[in-house]
Amino acid sequence: MAKQKKQRYKTSKNKKYQSEKQNSKQSHPRKSQETVTPKANNRSINKKNHGQRKSTIEVTCTGLTSEGKGIVQWEGKQVEVAHLLPGEKAEVTVSKKGRFVKMELKRVITPSEDRANRPLSHDNEGVGCQLYHMNERAQERFKQKLIDKQMKTFGKPKPILTMEQPYYYRNKNVMTFGLDNKRQIISGLYAENSHQIIPMESSIIHDPKADEIIQTIKGMMKSFKMQPYNEDTGRGFLRHVLIRVGKKSGEIMVVLVSASSVFKGKNNFVKALRKTHPEITTILLNINDRNDSMVLGNQEKVLYGKGTITDTLCGLEFEISAKSFYQINPVQTERLYTRAIEMAELTGDQSVIDAYCGIGTIGLVASERADKVIGVELNKGAVRDAIRNSKRNGVKNARFYQGDAGEFMVQMAQRGEHVDVVFMDPPRSGSDKAFLSSLVTLKPKRIVYISCNPETQARDLNYLVKNGYKVREIQPVDMFPQTNHIECVAALDVI
Ligand code: SAH
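Model, not experiment: these values are computed from the prediction. (Residues numbered from 1 in each chain as written. Predicted model: local features only at pLDDT ≥ 70, side-chain atom pairs only at ≥ 80, totals over all residues. Heavy atoms only, no water.)

(A) Fine view of the site of the ligand. Taken together, 16 residues lie around the ligand, and Gln327, Tyr337, Glu377, Asp404 and Ala405 are the ones closest in. In the environment of the ligand, a nitrogen atom lies 2.8 Å from a nitrogen or oxygen atom belonging to the backbone of Ala405. Out of a free accessible area of 570 Å², the ligand has 86% covered by protein chains. Looking at side-chain class alone, the shell around the ligand contains eight nonpolar, five polar and three charged residues. (Near = heavy atom within 4 Å. Polar contact = N/O pair within 3.5 Å; in protein donor to acceptor, adjacent residues only side chain to side chain. Areas by Shrake-Rupley, 256 points an atom, 1.4 Å probe, with all protein chains shown as cover. Nonpolar A, V, L, I, M, F, W, Y, C, P; charged D, E, K, R; others polar.)

(B) Looking closely at the packing of helix H10 (residues 405-414) against helix H11 (residues 433-442). For the pair H10 and H11, interaxial distance at closest approach is 8 Å and the crossing angle is 30°. As summarised for this structure, H10 and H11 are arranged roughly parallel, according to the angle between their axes. Relative to H11, H10 is oriented so that their crossing is left-handed. Facing Ala405, Gly406, Met409, Val410, Met412 and Ala413 of H10, the residues of H11 in contact are Ala434, Phe435, Ser438, Leu439, Thr441 and Leu442. Taken together, the residues of the contact of H10 with H11 sort by class into nine nonpolar, three polar and no charged. (Axes fitted to C-alpha atoms, helices over the stretch in contact; angles between N-to-C directions. Helix = DSSP H or I, 4+ residues; strand = E, 2+ residues; numbered from the N terminus. Parallel < 35°, antiparallel > 145°, perpendicular 65-115°, else oblique. Left-handed = near helix turned anticlockwise from the far one by under 90°. Contact = heavy atoms within 4.5 Å.)

(C) Spatial organisation of the nonpolar core. One finds Val255, Leu346 and Phe423 to be the most contacted residues of the largest nonpolar core, which totals 52 residues. Once residues lying within four places of it in the same chain are set aside, the contact partners of Phe423 are Ala340, Ile341, Ala344, Leu346, Val352, Ile353, Asp354, Ala355, Ile362, Ala366 and Val448. If you look at the next biggest cluster of nonpolar residues, it comprises 35 residues, including Ile160, Val440, Ala458 and Ile474. (Core = buried A, V, L, I, M, F, W, Y, C linked by side-chain atoms within 4.5 Å. Buried < 20%, exposed > 50% of the residue type's maximum accessible area, 1.4 Å probe, protein only.)

(D) Just unusual backbone geometry, in detail. Within the chain, Tyr168 stands out as a residue other than glycine whose phi angle is a positive 50°. With respect to the element layout, Tyr168 can be found in the loop between helix H4 (136-150) and strand S6 (172-179). Of note in the backbone geometry, Lys443 takes a positive phi value of approximately 55° without being a glycine. Looking at the element boundaries, Lys443 is found in the loop between H11 and strand S19 (446-451). The exposure class of Lys443 is exposed, given its relative accessible area of 53%.

(E) Geometry of H4. The end-to-end C-alpha distance of H4 is 21 Å, a good match for the 21 Å that 15 residues give at a rise of 1.5 Å each. Where H4 is concerned, the buried positions are Ala138, Gln139, Phe142, Lys143, Gln144 and Ile147. Each element contacted by the buried residues of H4 is listed here: strand S1 (54-64), helix H12 (454-466), strand S20 (469-477) and strand S21 (487-494). (Expected span 1.5 Å × (residues − 1).)

(F) Here's a closer look at the UniProt feature "active site" (unreviewed entry) in the protein chain. Summarizing the sequence annotation, UniProt attributes the feature "active site" (unreviewed entry) to Cys452 in the numbering used throughout. Position of Cys452 among the secondary structure elements: in the loop between S19 and H12. Its relative accessible area of 21% is what places Cys452 among the partly exposed residues. In this structure, Cys452 is in contact with Arg428, Phe480, Ile486 and Glu487, ignoring residues within four places of it in sequence. (UniProt positions renumbered as here; feature names shortened; annotations may be inferred.)

(G) Broad picture of helix H7 (residues 330-344). Compared with the 21 Å implied by 1.5 Å per residue over 15 residues, the 21 Å span of H7 between its first and last C-alpha is a close match. The complete set of buried residues in H7 reads Pro330, Gln332, Thr333, Leu336, Tyr337, Arg339, Ala340, Ile341, Met343 and Ala344. Check the buried side of H7 and you find it contacts strand S13 (308-313), helix H8 (361-366), strand S18 (421-424), S19, S20 and S21. Glu345 sits one or two residues past H7 and shows a positive phi near 50°.

Following this line, the structure appears as structure tokens:
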């Protein structure tokens, strides 16, 4: 284990290797048992592999990493192989660069009974899905084991709530546009930690209609003389396309993310797109001239429709704008919120905080069982949505504030406000000292901590446990089937 850690640390220091390693992460056997990374994609994926010698060897997988990759012992080293399962014998390609070894799965010789027998209908359909090669039982076991281990010091987590139909669940789809080395337009996902686009037409977790619209846009670009943006030269126009689908309402938002605000022929483009997809309810242009990895820029123009979509969640209607956070798996979100609100044991007379509230979903769903709800959120647009959403649903006892949740809690604590229950749902990085220390000063009877990163959640729970709280219940929810991500709710009571 120590060895594995050490090796990982070293690889992350070597940037070039890192990107190759991440690329290899995305390669996968097409079907359950046989090979292969499709050749056409291989070309762009392995562009940087020139000069490396590759050979094919047979290996046996001895375990899994916490990211769900197979572990192989080879020449005294522990090597990770994506999409390989414990006990499986397989043919892999090996390439060495200095001390670094990279292995890619070529063919599984003896498949594990945990392997999913699911053929993919398009190349790269499993990109971004680290666990798609595991069947549902194996994914459930893998995630439960991880969360049990992560939360060991706080008690035994409840069984993870799995999804009945764990495919095509995403309501948001972002694809990046570029050119391949034959100068053909491609759309796909970045390989992790790299800006190399892996072309993909569809994904087993995307909304199929959203994937279809993206293919239509790609097909229209040539006749509209629309060039994809090139990060290296700064030339070109279209960077990404973001699509949001209201799974219940059927409304669809298309956001064209461009490098400049000059969009020649925009009216005709919008008209043609709507003609092929009359189901699109709104189209926006988002201008992103930044150099970081954020998908959306600050400037936004509505090209068609109202600029937002509406969806229904837990019986309430929510209006969502392009830049607001909205949970990507609505089926599991209903289960997550229902459990979180149950765990808060609301009786109708409590004063509740919804921290990191996004468009106000948790607070508004909880409001009918609370005396009052106060929501705080950093993103201005999301707060606007939250206020609009409380009016839309006739909620009279909720107030939403824009600002840093930590600063907001400090002020609440300084004013000596009374709070009974705090829901907190911070981003992956978790909460901060300002927030947590004011939280324990405010001393609500109960805290319900929702997180998509059990590692930072465990760190923050540790702080709360050392400062007057005990963990009563831990409920993992599988919000992201086929991927190695885990969502988890923890309820804490003041001692
Ligand atoms: N509870 C919401 C949103 C959770 S995502 C839901 O279930 O939909 C986390 C949210 O925290 C995002 O909306 C993000 O904009 C917000 N956020 C990030 N950093 C923040 C901070 N420092 N203070 C307040 N909100 C923050």
